[in-house]
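Summary of the model geometry
Here is how the chains run, residue by residue.
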Amino acid sequence: MPSGEIFERIVKAVARRPLAPLAAVAVVAIAGALFALRLEPSTGTDSLVSQGSDTFAQTERFKQDFGDDAIVVLVEGDLQRTLLTSDLQRLIQLEGCLSGNVPADGLKALPEPCRELAKLKPAKVVLGPGTFVNTVVEQVGGEFARRLAAARQAGPKASARLQRELLSIGLRYGITDVPSVDSPGFVSALVFDDDGKTPKSQFSYLFPSQDAALIQMRLRPGLSDAERSRTVDLVRAAVAEPQLQPEQGARYVVTGVPVVVDGLGDAVRDAIPWLLAAAILVMAATLAIVFRTRLRLLPLALALAASAITFGLLALVGGELTMASIAVLPVLIGLAVDYAIQFQARYDEVRARTGAPPSEAAPAAAAAGGPTIVGAGIATAVGFLVLLTSPIPMVRGFGALLVAGIAIALICALFAGFAALVRFGEPRRRADGVPPPLPRLRDALTGLGGRIAGSGLGRGVARRWRELRLWALERGERALATSIARPRRVLAIALALAVVGWAADTQSNVVSDVRELAPADLQELRDIEQLQDQTGVSGEIDVTVRADDVTDPKVLAWMSSFQQRVLDDAGYRSGERCTQEKDPPELCPALSLPDLLAAVGGGDRKRVKGLIDAIPPYLSQSLITADRKTANLAFGIRLQSLERQQEVVERIERQLDPPPGVEAAVVGLPVLAADANDKLSSPLRRALTLLAALAGVFLVLLAIRRSAREAAIPLIPIALATGWSGGIMFLLGLLPGPFEVELNPMSVTLGALVIAISTEFSVLLSARYRQERIGGASAARALETTYASTGAAVMASGVTAIAGFAVLAASDIRMLRDFGILTVVDLTVSLLGVMLVLPAALIWAAQRSRNA
């Protein structure tokens, strides 16, 4: 740990030219803010699962083979009116537009969004009713033409025999018209059952009900977040074009996983600036009230500068703005405010005690407080370094970003903080005759302030504030006196509450259902719920099957058997609809190779290969790779929590028993998200992480203080605070209805916040107490002095952070609201725990030392 002399020399250099470090930090902060504005919320899966994991690798292979998650266009309306009229031609045009593969001549006739899609080419494959009907017409018509030409060459008898055969086929399948997309009779016979209304079950992946058809646009792998977002916008623009709109009453609904993720990202991105602006204003007002000194807003300015530099650095190194990195901001601002306040409080102490000018008081304050404050910062950073062991990349990023932010915050406080105190630490006398800047505005504000203060309301507010302040001071003095007088009782009660809290924390739920986390009025959420109403499912879980030849009848037989076992286990019964209201199945059949081959008739390997060769490419590339080594089994899944989703994935995996030479894996975004949530929400993993963080803090303090006792005492309130926080969060989860507050994927990482803030406060207070004791003060007197000086600064920084992030509780986004509330809970517990329990721990340790 650097000695006080090093900090003194640094600040003496700063004091000689204070404007230089101020300007440097300001320029870097502005540049950092500009870079940070380029950060976009990440919607990729690479931040959820380590790229070294088998699940991630299998999913990436699946994407390369079959495409990424699908944007779904729900065509909602009477299916007969959609398919048996000119609207079918509009569907064919729309699907061609989405595919981006329309020839140049045809592209000229399509709207502008189609031309942009043709340039971007975001689709791996587009599967829809228009393409399906058109392809069947082309294949059937081509086959008829070839057979008719051959029969004519063979003579009149062959022609007559072919006509009788075609008539028999037509009567058998109800085909009375010539194959054509404009032939209602042919299209009806192709799509509908004998009643002419119910779509055939083998085509449920296209026609899930009498009132819905689906267009699925599987995205090309490797699209950036910006390209995915742009694709969603272009699809919406395309379906809104009058040229592509149905004329017979149907309507388009653009939905699917990429659309929901993009919409939620937009909602968070739009909400954060306003909420943070409100939080900063509230923090500024609170700091102005509770931090009684000149330049009282300086700590907040330094914290914002440190945050801007940190997130600018994140953008500069190519990082992404994940939910975890968003959670860094309140932690970093709270810590940075505290560092700045602690340095400024030491400066004020030196000035009050010695009367030295700013240029002399600043180095003395740095020498006195630098080792302690930087030591506290190092201990806090080491606690966060434990997060680098997490299997989740975004959690590792959370820890790394905070460690970098702590270092930047300390540098800003040491250089720019003391530079500002030296340059502006006391009013400068103006030369005679030089007016103050903006004299009219100053006079107007002074007059307005005087009128407000002199009004009845102003006097009442001032009186109530004085009463509240005196009440808080009195309660604080009583609490400190109780901790000093009865340390064992205070520690026993604190330990009992912590034990209850630790036990309760294991029962806390982690909410991961997007319907509970997103704004209630999010259109994308309503759209995917509408998709589920019409189809019974909202997403897809895929199983990849790899073998030397997946068309081997034995492999196909296993795939068919496996698929049936999974569906039976999920509650699906043949002949049932996934849209049933009573006891709907958890999984439903989707497009798969065994089902398709069974629909057209299977057979030996030669016949199977012939059938696969006859499958249109737009359809086959969704089912099997060109080398016949990989096939895909798809299952439709309902909208549900990630916990329940993980259970579904595990049940599918239990059914995986491929024969020798065959590999199978469950892949896709639902699998990645469920696995990540399982790791994040594991109570055991959270507990082990907190224990590791406490061990890291202990080792740092041991290295600094060279005494196990001195290192362990500050850990007592830190460890106990984790239990209190867990207990309070459990109780908040029991509140009724809209008042309920639960952990979510964004706030589950905040367990580290309790240790971080508690470490900061505990180390600062215990170090100041130690200095007073070395100076000859008794234990009680040392505590009184510590809490009157350093304690007041700790309270000011804690209250400021609490007030600012209470603003997030006003958000209509459940995820941000709960995040804000839990942040306030963690900050409050950390502050009160240290202020109340640390004195008892220090007195108890002093008593044991005397009795030893």
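Let me begin by describing the structure that accompanies this report. In this numbering scheme, every chain counts its residues from 1 along its sequence in written order. Confidence filtering applies because this is a predicted model: local features only for residues at pLDDT of at least 70, side-chain atom pairs given and counted only at 80 or more, and all residues used for totals across whole chains, interfaces and linings. Calculated side-chain values reflect all of the structure's heavy atoms, with hydrogen atoms and water omitted.

**Quick word on the overall build of the chain**
Where we set the bar: Only runs of H or I of at least four residues qualify as helices and only runs of E of at least two qualify as strands under DSSP, and these elements are numbered from the N terminus. Contacts are assigned to residue pairs that have any heavy atoms within 4.5 Å of one another. Each accessible area is a Shrake-Rupley result for a 1.4 Å probe, and residues are judged covered by the shown protein chains and nothing else.
Secondary structure assignment for the chain yields 34 helices and 8 strands. Once local pairs closer than 6 in sequence are excluded, the contacts in the chain between residues at least 24 apart make up 79%. For the chain, the computed accessible surface area is about 37,900 Å², with 59% contributed by carbon and sulfur atoms.

**Concerning the nonpolar core**
Condition: The nonpolar core is taken to be a set of buried Ala, Val, Leu, Ile, Met, Phe, Trp, Tyr and Cys residues, with the residues joined through side-chain atoms within 4.5 Å. Residue exposure (1.4 Å probe, protein chains only): buried if accessible area is under 20% of the type maximum, exposed if over 50%, otherwise partly exposed.
Counting 153 residues, the largest nonpolar core has F311, Y339, F384, F418 and W724 as the members making the most contacts within it. Here the element with the most residues in this core is helix α34 (residues 814-851); it accounts for 19 residues. Setting aside anything within four residues of it in sequence, one finds F418 in contact with V11, V14, F343, Y347, A362, A365, A366 and A413. I215, L234, L244 and L623 belong to the second largest nonpolar core, which has 81 residues in total.

**Topic: the state of the cysteines**
Rules: Cysteine sulfur atoms that come within 2.5 Å of each other are treated as a disulfide pair.
According to the stated counting rule, one finds 1 disulfide in the structure shown. One disulfide in the model links C97 with C114; its S-S distance is 2.1 Å. Since a negative S-S torsion denotes a left-handed disulfide, the C97-C114 link at about -100° is left-handed. Placement of the pair is C97 in helix α5 (residues 87-99) and C114 in helix α7 (residues 112-120), with a sequence separation of 17 residues.

**Notes on the environment of V331**
Structurally, V331 can be placed in helix α14 (residues 323-354). The exposure class assigned to V331 is buried, which follows from its relative accessible area of 1%. Expressed as a C-alpha distance, the spacing of V331 and L402, which sit 71 residues apart in the sequence, is 7.9 Å.

**Here we look at the side chain of S483**
Counted only if it meets this: A 3.5 Å cut-off defines polar contacts: any pair of N or O atoms within that distance qualifies, except that in protein one atom must be a possible hydrogen donor and the other a possible acceptor, and neighbouring residues in sequence count only when both atoms are side-chain atoms.
Within the secondary structure layout, S483 lies in helix α18 (residues 456-485). Owing to a relative accessible area of 2%, S483 belongs among the buried residues under this scheme. At 2.7 Å, the side chain of S483 forms a polar contact with the backbone oxygen of L836. Once you skip the residues sitting within four places of it in the chain, S483 turns out to touch V490, L836, P839 and A840.

**So, the packing of aromatic side chains**
Aromatic ring pairs are described here by two measures, namely the spacing of the ring centres and the angle between the planes. Where we set the bar: Stacked, edge-to-face and tilted are the three classes for Phe, Tyr and Trp ring pairs, Trp counted by its six-membered ring, which pair at centre distances within 6.5 Å; planes under 30 degrees apart are stacked, over 60 edge-to-face, the rest tilted.
For the structure shown, the criterion picks out 6 aromatic pairs. Seen from their ring centres, F62 and F66 are 5.5 Å apart, and the 45° between their planes marks the pair as tilted. Taken as a pair, F62 and F66 lie in helix α3 (residues 54-66) at a separation of 4 residues, close to a single helical turn. Taken together, a centroid distance of 6.4 Å and an interplanar angle of 80° make the contact between F562 and F635 edge-to-face. Placement of the pair is F562 in helix α22 (residues 553-569) and F635 in strand β7 (residues 630-637), with a sequence separation of 73 residues. Comparing F562 with F635 shows no difference in burial state: the two are buried.

**Things to note about the sheet that holds strand β4 (residues 251-255)**
To keep things clear, this is the line we draw: A pair of strands is treated as paired once DSSP finds two or more bridges between them. To get an axis, fit a line to the C-alpha atoms, keeping to the stretch in contact for a helix; angles then go from 0 to 180 degrees between the N-to-C directions.
The 4 strands are arranged β2-β3-β1-β4 in an open sheet whose pairing can be described as antiparallel. The open sheet has two edge strands, β2 (123-127) and β4, and neither has a second partner. This sheet shows a mean twist of 20° between the axes of neighbouring strands, independent of strand direction. Bridge count for strand β1 (residues 70-76) against β4 is 5 bridges, and the pairing is antiparallel. Across the sheet, residue L74 finds its bridge partner in β4, namely V253.

**Points about the pairing of β1**
Most of β1 sits out of view: 7 of its 7 residues are buried. Every second residue of β1 is oriented toward a common face, with A70, V72, L74 and E76 on one face and I71, V73 and V75 on the other, all of them buried. Both β1 and strand β3 (residues 212-219) contribute to a ladder of 7 bridges, which runs antiparallel. Paired with V75 across the bridge in β3 is A213.

**Concerning a nonpolar patch on the surface**
Threshold: The patches described consist of residues with a relative accessible area above 30% and no salt bridge, like charges being joined within 9 Å and nonpolar side chains (Val, Leu, Ile, Met, Phe, Trp, Tyr) within 5 Å. Any carboxyl oxygen of Asp or Glu that lies within 4 Å of a side-chain nitrogen of Lys or Arg is treated as forming a salt bridge with it.
A cluster of nonpolar side chains, contributed by I30, L34 and L37, occupies part of the molecular surface with about 350 Å² of accessible area. As for its placement among the helices and strands, L34 is situated in helix α2 (residues 19-36). Exposure remark for L34: the relative accessible area of 55% places this residue in the exposed category.

**Digging into the pattern of salt bridges**
Throughout the structure, instances matching the rule amount to 21 salt bridges. The residue D657 makes a salt bridge to R565 at a minimum N-O spacing of 2.7 Å. Of this pair, D657 sits in the loop between α26 (642-654) and β8 (663-667) while R565 sits in helix α22, placing them 92 residues apart in sequence. E710 is the partner of R770 in a salt bridge, and the nearest nitrogen-oxygen pair spans 3.7 Å. In this pair, R770 sits in helix α31 (residues 751-774) while E710 sits in helix α29 (residues 708-712), placing the two residues 60 residues apart along the sequence.

**A short note on the packing of helix α1 (residues 4-16) against helix α15 (residues 358-385)**
Condition: Here roughly perpendicular refers to angles of 65 to 115 degrees, roughly parallel to angles under 35, roughly antiparallel to angles over 145, and oblique to all remaining angles. Crossing handedness is defined as follows: a turn of the near helix away from the far one that is anticlockwise and smaller than a right angle gives a left-handed crossing, while the clockwise case is right-handed. Just so you know the grouping, Ala, Val, Leu, Ile, Met, Phe, Trp, Tyr, Cys and Pro go in nonpolar, Asp, Glu, Lys and Arg go in charged, and all remaining residues, Gly too, go in polar.
It is at 7 Å that the axes of α1 and α15 come closest, and there the two elements cross at 140°. In this view, α1 runs oblique relative to α15, as classed from their interaxial angle. Here α1 and α15 pass one another in a crossing that is right-handed. On the side of α1, the interface is formed by G4, F7, E8, V11, K12 and A15, while α15 contributes S359, A362, P363, A366, A367, G370, P371 and V374. Here the residues of the contact of α1 with α15 are counted per class, giving 9 nonpolar, 3 polar and 2 charged.

**What about helix α11 (residues 225-239)?**
Basically, it comes down to this: Every helix has an expected span of 1.5 Å times one less than the residues it contains.
Between the first and last C-alpha of α11 there are 22 Å, a value that for 15 residues agrees with the 21 Å anticipated at 1.5 Å per step. Along α11, the positions that sit buried rather than exposed are R228, S229, T231, V232, L234, V235, A238 and V239. Packing partners of the buried residues in α11 comprise β1, α5, α7, β3, β4 and α12 (257-290).

**Regarding the environment of R686**
Along the chain, R686 turns up in helix α28 (residues 683-705). Along the chain, R686 and D505 lie 181 residues apart, while their C-alpha atoms are 10.0 Å from each other.

**Focus: the sheet that holds strand β6 (residues 587-592)**
The 4 strands are arranged β6-β7-β5-β8 in an open sheet whose pairing can be described as antiparallel. Each of the sheet's edge strands pairs with one partner strand only, and the pair in question is β6 and β8. When strand polarity is set aside, the average angle formed by the axes of neighbouring strands in this sheet is 25°. Sheet analysis places strand β5 (residues 539-546) next to β7, joined by 8 bridges and oriented antiparallel. In the strand pairing of β7, D542 is matched with A634. Contacts between α3 and the sheet are confined to β5, β7 and β8, with β5 contributing the most and set at about 90° to the helix. Seen against the sheet, α22 touches β5, β6, β7 and β8 and runs at an angle of roughly 15° to β7.

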